Amino acid sequence: MARIALLRYSSNGIIPCFISFFANSHSAPAIAIRSYSSPHSNIENVKCLDDALTLFRQMVRTQPLPSVFSFSKLLKTMVNMKHYSSVVSLFRQMLKSSIPIDGFILNIAINSYCLMHRSDCGFSMLAIYLKSGIPFDVITFSTLLRGLFAENKIKDAVNLFKKLVRENICEPDEVTYLIVMNGLSKMGHTQKTFDLLRVMEQGSTKPNTYIYNIVIDALCKDRMIDDAISLFEEMKQKGIPPDVIAYSSLIDGLCKFGLWEKVRTLFFEMVNLNIYPDVRTFNILIDGLCKEGKVEDAVEVMRHMNGKGVEPNVVTYNVIIDGYCLRGQMDRARSLFDSMIDKSIKPDIISYSTLINGYCKKKKLDEAMHLFYEISQNGLKPDIVTYNTILQGLFEVGRTDFAQRFFADMLSTGLGPDLCTNRILLRGYFQNGLIEKAMMLFHELERKREYTHIEFYSVVIDGLCKTGQLDRAHAIFEKLSLIGLFPDVITYNIIINGFCLEGMLDEAKDMLRKMEENGCSPDNATYNIIVQGLLKFSKVTEMTTFLKEMNERGFSFDASTVELLIDVIAKHPSLLDMIPQFHSGNKK
């Protein structure tokens, strides 16, 4: 007799709950299932939920009952239509009515729970397997693993996978490994993904092209491009043929490092192997070129796509439009946007948001607003990113009244502000002298405890410092530790800059020391802020210590510091002897 461990899911994770039952030492006995056929099961005619429910009611009244296969086919059709809760409801009715079930139907029910992000209910289904004498299979646990990853329950998923292997509950297949490795890689666990590849290589289930693709892509996204290339070559040596996905991932990684010669080599290698780039590959290449400012080259690649019969899609156009916007070439960006429409490629919300952002950066708010109103006319809905972009643009040109009305319009659509929205509002109020309005918003959000992120407080401290409210800024800074927040280097730089703006240079230097004592290392900006403060208030002799420290740490002057230095050196030529890094041009 064998004692089988049932894996039960609870709020504390996956825990072993041992349920004893008599079973054959090889496998649990399958329940005897009567098999019927039903000529009335016109599942192919099911087009909507009502059709499915009507057919189910007919099937349960049919004598003899339709086959288990017919029921499973109907439930599967409903899953494909995304009526997950209805699938679970019908499954429960089948259990109550003692309609025969099999492992396939159980897997459909578990999958429905997981697609509803209720993997806990999926795990509860394992008891039915045991009660019915239906053996677990690899599909069951692969489905549960996918559900856990979808709910971001990484630790539970890893524990379940280890338990399956360690206790020999079932042999993971390629799909199981694919789910686990894909889940780990998407959450940034690159090393664990790579380690699992090595484990898989030692087992009976060997990695295939899809598995290698996941690991190569994870390495590239983690900027481990040399490791990715090494694994790519290893894959080829083992006789596992790379496909367009592997090449696209590597091209993406190489583009991010600006290694264009290697990109070219890889591109021609895949073409020579009759692996022709698809639209995703071209989009990766175009995106890389645009981010490097090589927009003309990107346009040339798009022309090449057309010549090779690969149709550019909305992503292709969005990337190049963004490239033009980054360079401030709004006429070209708009022309490309219009040409996309002329070619019957419908712009998406990213297309509009990108172009709107470009206009806002150029302070062309009328053009941005005109485009904004076009969005709803073309059957799209502005998202929070679009609203945030316009709001920021309005504040930057001082149109605060219109910005507040625009924000009210946003709320009326049902869209709630996110951290970025409130950051824009706070900065906008401070920049336009609406200090008390900014503080009212700050205190309101603080009372609601909606934002307990250091970035949120940094915006407020910065706004107060720049509007001459140093005492209030310092008070908020000092209470951060009391509410469980710890200043980062940006927050420290803001308060140090606040002291320097007021000529309180001793306090600025004290804050620098306090910063280091609290385990927050100063950066290049920190030292430039203090040096600029010393220069502005003609504390030339006090600069010696800081110049020496800057040199020792490998920091360098930024453009603003150099500009101030030139003015001060004109008055104090002897200062040149105190700034060795100014001569050497040290950079970090």
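These numbers were taken from a predicted model, which means no experiment stands behind them.

**Student:** How should I be thinking about the overall build of the chain in this particular structure?
**Tutor:** Looking only at helices and strands, the chain features 32 helices and 2 strands. Long-range pairs, those at least 24 residues apart, make up 60% of the contacts in the chain with a sequence separation of at least 6. As displayed, the chain has an accessible area near 29800 Å², and 53% of this comes from carbon and sulfur atoms.

**Student:** Where do I start with the packing of aromatic side chains in this structure?
**Tutor:** To describe a pair of aromatic rings, you give the distance between the ring centres and the angle between the ring planes. In this structure the tally under the stated criterion is 19 aromatic pairs. Between F56 and F71, the ring centres sit 6.0 Å apart and the planes meet at 75°, which makes this aromatic pair edge-to-face. Note that F56 is positioned in helix α1 (residues 49-61) and F71 in helix α2 (residues 68-80), a separation of 15 residues in sequence. The buried category is assigned to F71, whose relative accessible area is 1%. When the ring of F395 is compared with that of Y429, the centres are 5.6 Å apart and the planes differ by 85°; the resulting orientation is edge-to-face. On the criterion of sequence distance, the pair formed by F395 in helix α21 (residues 384-396) and Y429 in helix α23 (residues 419-431) is long-range, its members being 34 residues apart. Y429 shares its class with F395; the two are buried.

**Student:** What is the right way to read the pattern of salt bridges from this model?
**Tutor:** Counted under the stated rule, the structure contains 30 salt bridges. Its salt-bridge partner being E374, residue R334 comes within 3.8 Å of it at the nearest N-O pair. Taken together, the residues span a long stretch of sequence, with R334 in helix α18 (residues 330-342) and E374 in helix α20 (residues 365-377) at a distance of 40 residues. Across the pair R423 and E455 runs a salt bridge, and its minimum N-O distance is 2.6 Å. Within this pair, whereas R423 is found in helix α23, its partner E455 is found in helix α25 (residues 454-466), the two being separated by 32 residues in sequence.

**Student:** Help me understand unusual backbone geometry in this model?
**Tutor:** Trans peptide bonds make up most of the peptide bonds, and negative phi angles are found at most residues other than glycine. With an omega of -10°, the peptide bond running from Q63 to P64 counts as cis. The topology assignment puts P64 in the loop between α1 and α2. The backbone of K82 sits at a positive phi, close to 70°, despite the residue not being glycine. Tracing the backbone through its elements, the reader meets K82 in the loop between α2 and α3 (84-96).

**Student:** Can you walk me through the confidence of the model for the chain in this structure?
**Tutor:** One rule of thumb: low pLDDT means the predicted coordinates there are not for detailed reading. Averaged over all residues, the pLDDT of the chain equals 86, while 90% of them reach at least 70. Overall, residues 581-588 carries pLDDT values under 50, and its contacts beyond four positions in sequence, including any with other chains, amount to 21 contacts.

**Student:** Is there a simple way to think about the packing of helix α14 (residues 260-272) against helix α15 (residues 279-291) in this case?
**Tutor:** Close contact between α14 and α15 brings their axes to 13 Å; oriented N to C, the two are set at 165°. By the angle between their axes, α14 is roughly antiparallel relative to α15. Crossing of α14 against α15: the hand is left-handed. Of the residues in α15, those touching α14 at W260, V263, F267 and M270 are T281, F282, L285, G288 and L289. Of the residues in the contact of α14 with α15, the class split is 7 nonpolar, 2 polar and no charged.

**Student:** Help me out: how do you make sense of the side chain of S249 in this one?
**Tutor:** Relative to the helices and strands, S249 resides in helix α13 (residues 244-256). Excluding residues that lie within four positions of it along the chain, S249 makes contacts with I216, D217, C220 and R280.

**Student:** So what exactly am I meant to see when it comes to the packing of α23 against α25 here?
**Tutor:** Working note: a packed helix pair is described by the angle between its axes plus the distance between those axes. Where α23 contacts α25, the axes come no closer than 9 Å and their chain directions differ by 5°. By the angle class used here, α23 and α25 are roughly parallel. Across the interface between the two elements, L419, R423, L426, R427 and F430 from α23 touch E455, F456, V459, V460, G463 and L464 from α25. A per-class count over the contact of α23 with α25 returns 7 nonpolar, 1 polar and 3 charged.

**Student:** Looking at this model, I keep getting lost on helix α30 (residues 543-553). Mind explaining?
**Tutor:** Each turn of an α-helix holds 3.6 residues, which means side chains three or four residues apart point in the same direction. Taken residue by residue, α30 has M543, F546, L547, E549 and M550 as its buried positions. The buried residues of α30 all sit within an arc of 160° when viewed along its axis, so they share a single face. Looking at α30, the residues exposed on the side facing more than 90 degrees away from the buried face are K548 and E552. Backbone geometry just downstream of α30 places G554 in the positive-phi region, at approximately 80°.

**Student:** Help me understand the nonpolar core in this model?
**Tutor:** Most often, soluble globular proteins have nonpolar side chains that are buried together. Ranked by internal contacts, the top residues of the largest apolar core, which has 184 residues, are I320, I495 and I496. At 8 residues, the largest contribution of residues to this core is made by α25. Not counting residues up to four positions away in its chain, the partners in contact with I320 are I286, C290, V295, A298, V299, M302 and L336.

**Student:** What am I meant to see in helix α28 (residues 505-517) here?
**Tutor:** Between its terminal C-alpha atoms α28 stretches 19 Å, which fits the 18 Å expected from 13 residues at 1.5 Å a residue. Taken together, the buried positions of α28 are L505, A508, K509, M511, L512 and M515. The buried side chains of α28 occupy one side of the element, clustering within an arc of 155° when seen end-on. In α28, those exposed residues whose orientation departs by more than 90 degrees from the buried face are D510 and E517. For α28, the secondary structure elements touched by its buried residues are α26 (470-479), α27 (489-501), α29 (524-536) and α30.

**Student:** Where do I start with the environment of E311 in this structure?
**Tutor:** Structurally, the position occupied by E311 is in the loop between α16 (295-307) and α17 (314-326). Exposure remark for E311: the relative accessible area of 59% places this residue in the exposed category. Put simply, E311 and D278 are 33 residues apart on the chain and 9.2 Å apart in space, counted from C-alpha to C-alpha.

Conventions used here
Residues numbered from 1 in each chain as written. Predicted model: local features only at pLDDT ≥ 70, side-chain atom pairs only at ≥ 80, totals over all residues. Heavy atoms only, no water. Helix = DSSP H or I, 4+ residues; strand = E, 2+ residues; numbered from the N terminus. Contact = heavy atoms within 4.5 Å. Areas by Shrake-Rupley, 256 points an atom, 1.4 Å probe, with all protein chains shown as cover. Phe/Tyr/Trp six-rings, centres within 6.5 Å; stacked < 30°, edge-to-face > 60°. Buried < 20%, exposed > 50% of the residue type's maximum accessible area, 1.4 Å probe, protein only. Salt bridge = Lys/Arg side-chain N within 4 Å of Asp/Glu carboxyl O. pLDDT = per-residue confidence, 0-100. Axes fitted to C-alpha atoms, helices over the stretch in contact; angles between N-to-C directions. Parallel < 35°, antiparallel > 145°, perpendicular 65-115°, else oblique. Left-handed = near helix turned anticlockwise from the far one by under 90°. Nonpolar A, V, L, I, M, F, W, Y, C, P; charged D, E, K, R; others polar. Arc of directions from axis to C-beta. Core = buried A, V, L, I, M, F, W, Y, C linked by side-chain atoms within 4.5 Å. Expected span 1.5 Å × (residues − 1).

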